[in-house]
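What follows is each chain in one-letter form.
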Amino acid sequence: MLSNFLGFITRYEGRKFLKLGEEIDESQIVGLGTNSDNQISLYIHIPFCKSLCPYCCFNRYLFREDEARRYFKNLRTELDLYIQRGFKFSNFYFGGGTPTVLMDELIGFISYLKEKFEVKQISVETTPREVNEESVNLLKEAGVNRLSIGVQSFDDRILKSMGRAWCTGEEIKEKISIANGKFDTLNLDLIFNFPSQSIETFKADIETFKDLPANQVTFYPLMPSPNKENALERRFTRVDTSREKAFYSVILRDVYGDNYLPSTAWCFSKGERIIDEYIIDFDNYIGLGAGSESLLNGNFYTNSFALNRYEEFLTQGKLPIIRWRKLSEHELLYYYLLSKLFGMRLVNKKFHKRFNANIHQKLEKELLFLKLFGLIQEKDGEINVTDNGMYPVNVMMREFFTALNGLREYCIENQI
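Remember, predicted model here, so these are calculated numbers, not experimental data.

*Asks:* Would you mind going over the confidence of the model for the protein with me for this structure?
*Replies:* The predicted structure's coordinates, where accompanied by low pLDDT, should not be read in detail. A residue-level look at the protein finds 94% of positions with pLDDT of 70 or above and a mean pLDDT of 89. Here helix α8 (residues 231–234) is the element of the protein with the lowest mean pLDDT, 48, and helix α3 (residues 103–116) is the one with the highest, 98.

Okay, here's the thing in structure tokens:
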């Protein structure tokens, strides 16, 4: 009941991000300087895949080489526009889509980043299909610190149901072994509460993961878009969330209780590892590419989702932003609270630096509520999510991302 209530509140707040304006004031989009407290992460979206998973809600297109090569060229143009505005980046996150779908372009873009910035961390997503000796070695030589492989499941029946029959569970395990020891962080993505997925199947996936050389695992609940036209996609629009807690309990028992510590409510790591949830570590972030989102100085921006329109903006020397919203103080405070809870902790001093105020003054009621129900505890100037709070935080983040999926779906369907 408590988790459902928190989920409802988060869904309500998340939908405010969908109320976007069209008149963009680009004078507000400028770099924050070199102060270490004002670091901005850079997310780079590569929207191409060799096949489209029917449950995925991100902006993606079937891979065409000529289209993809033109897209990488446009990415450099967009990056240059941000450089001209004084932006400096050092932490980079490639997502998709499938960033490794065209390796020579990806490696070339990473080299371009190194020419322009002092690179500290690079995280790259991929799928088992793209993992081989050559691609892994290229990524390592390029300086990639974290490789995240979208496994989703090791069960052949579930993979087929997901539309991922191009790789068997045994083949996936062989692919993962290729990346063994090559990266500081080797992450595997797994889905839970998938239709037709049983608790026993999920337990087996976890046991398989624990026998592999990966030092991090990220579990994603299925987060559908509200409306899908394709018959196969419609299977994933109605998720039985009543089963979700049982799946999450398995994660807490079999992963958290076995030498893996929570980096987020979804991500568990052996030791200190890089995570790809840049919204936790960075109050400001810029998204490059079609369908990317940015948060800068309390303003939320969305890039064009349509490849042609994305290119048209850049050809005219304009940032490809199509919608934006200035968040109210309440909205920004709530977003900050949610993102830090997702990362398992809030540091009082960092909050004061960000808002020039005491966290107990700005979020008194929210923190009192969370403490009353035992979801957080405070010690030595730090607020931490308790074990009892992890599932409610999972629900809150799932509802927030589901709300954003509504925005993505609208923009994709209307090619905005």
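*Asks:* Explain the nonpolar core here, please?
*Replies:* When a protein is soluble and globular, its nonpolar side chains tend to lie buried together. Counting residues in hydrophobic clusters, the biggest one holds 128 residues, and the most contacted among them are F89, F94 and F219. When residues in this core are grouped by element, the largest group, eleven residues, is from helix α16 (residues 387–413). Leaving out residues up to four positions away in the same chain, F89 has contacts with I40, S41, L42, L79, Y82, F117, E118 and I286. Y55, I158, I191 and L222 belong to the second largest nonpolar core, which has eight residues in total.

*Asks:* Sorry, what's going on with the packing of aromatic side chains here?
*Replies:* To describe a pair of aromatic rings, one takes the distance between the centres and the angle between the planes. A full pass over the atoms with the stated rule returns 25 aromatic pairs. Look at F202 and F219: their rings are 5.7 Å apart centre to centre, the planes differ by 75°, and that puts the pair in the edge-to-face class. One end of the pair, F202, is in helix α7 (residues 199–210); the other, F219, is in strand β8 (residues 216–221), with 17 residues separating them in the sequence. Of the two residues examined, F202 and F219, each falls in the buried class. Taking 5.4 Å as the distance between ring centres and 50° as the angle between the ring planes, the aromatic pair formed by F209 and Y260 counts as tilted. Separated by 51 residues along the polypeptide, F209 in helix α7 and Y260 in the loop between α9 (244–256) and β9 (261–262) bring together distant segments of the chain. Across the pair, exposure class does not vary: F209 and Y260 are buried alike. Sitting over the ring of W166, R129 keeps its end group 4.2 Å from the ring centre. For the cation-ring pair, R354 lies above F355, with the distance from its terminal atom to the ring centre recorded as 4.9 Å.

*Asks:* Mind showing me how you'd approach α16 here?
*Replies:* The α-helix advances 3.6 residues per turn, and as a result positions three or four apart in sequence lie on the same side. For α16, built from 27 residues, the straight-helix expectation of 39 Å at 1.5 Å per residue is met to within 8% by its first-to-last C-alpha distance of 40 Å. Judged by how many residues are buried, α16 sits mostly within the fold: 22 of 27 residues are covered. Of the residues flanking the end of α16, it is Q415, one or two places downstream, whose phi is positive at about 50°.

*Asks:* What am I meant to see in the sheet that holds strand β15 (residues 345–347) here?
*Replies:* Neighbouring strands of a sheet are bound in pairs by backbone hydrogen bonds; such pairs are parallel or else antiparallel. Overall, antiparallel pairing links the three strands, which are arranged β15-β17-β16 in an open sheet. Edge positions in the open sheet fall to β15 and β16 (376–379), since each of these has one partner strand only. Put simply, the sheet's adjacent strands are angled 15° from each other on average, direction ignored. Taken together, the three bridges between β15 and strand β17 (residues 382–385) define a ladder with antiparallel strand orientation. Across the sheet, residue V347 finds its bridge partner in β17, namely E382. On top of the sheet, helix α12 (residues 329–342) reaches β15, β16 and β17; it is set at about 120° to β15, its chief contact. In the packing of helix α13 (residues 348–355) onto the sheet, the strands contacted are β15, β16 and β17, and the crossing angle to β15 comes to about 65°.

Criteria and cut-off values
Residues numbered from 1 in each chain as written. Predicted model: local features only at pLDDT ≥ 70, side-chain atom pairs only at ≥ 80, totals over all residues. Heavy atoms only, no water. pLDDT = per-residue confidence, 0-100. Helix = DSSP H or I, 4+ residues; strand = E, 2+ residues; numbered from the N terminus. Core = buried A, V, L, I, M, F, W, Y, C linked by side-chain atoms within 4.5 Å. Buried < 20%, exposed > 50% of the residue type's maximum accessible area, 1.4 Å probe, protein only. Contact = heavy atoms within 4.5 Å. Phe/Tyr/Trp six-rings, centres within 6.5 Å; stacked < 30°, edge-to-face > 60°. Lys NZ or Arg CZ within 6 Å of the ring centre and 35° of its normal. Expected span 1.5 Å × (residues − 1). Pairing = 2+ DSSP bridges. Axes fitted to C-alpha atoms, helices over the stretch in contact; angles between N-to-C directions.

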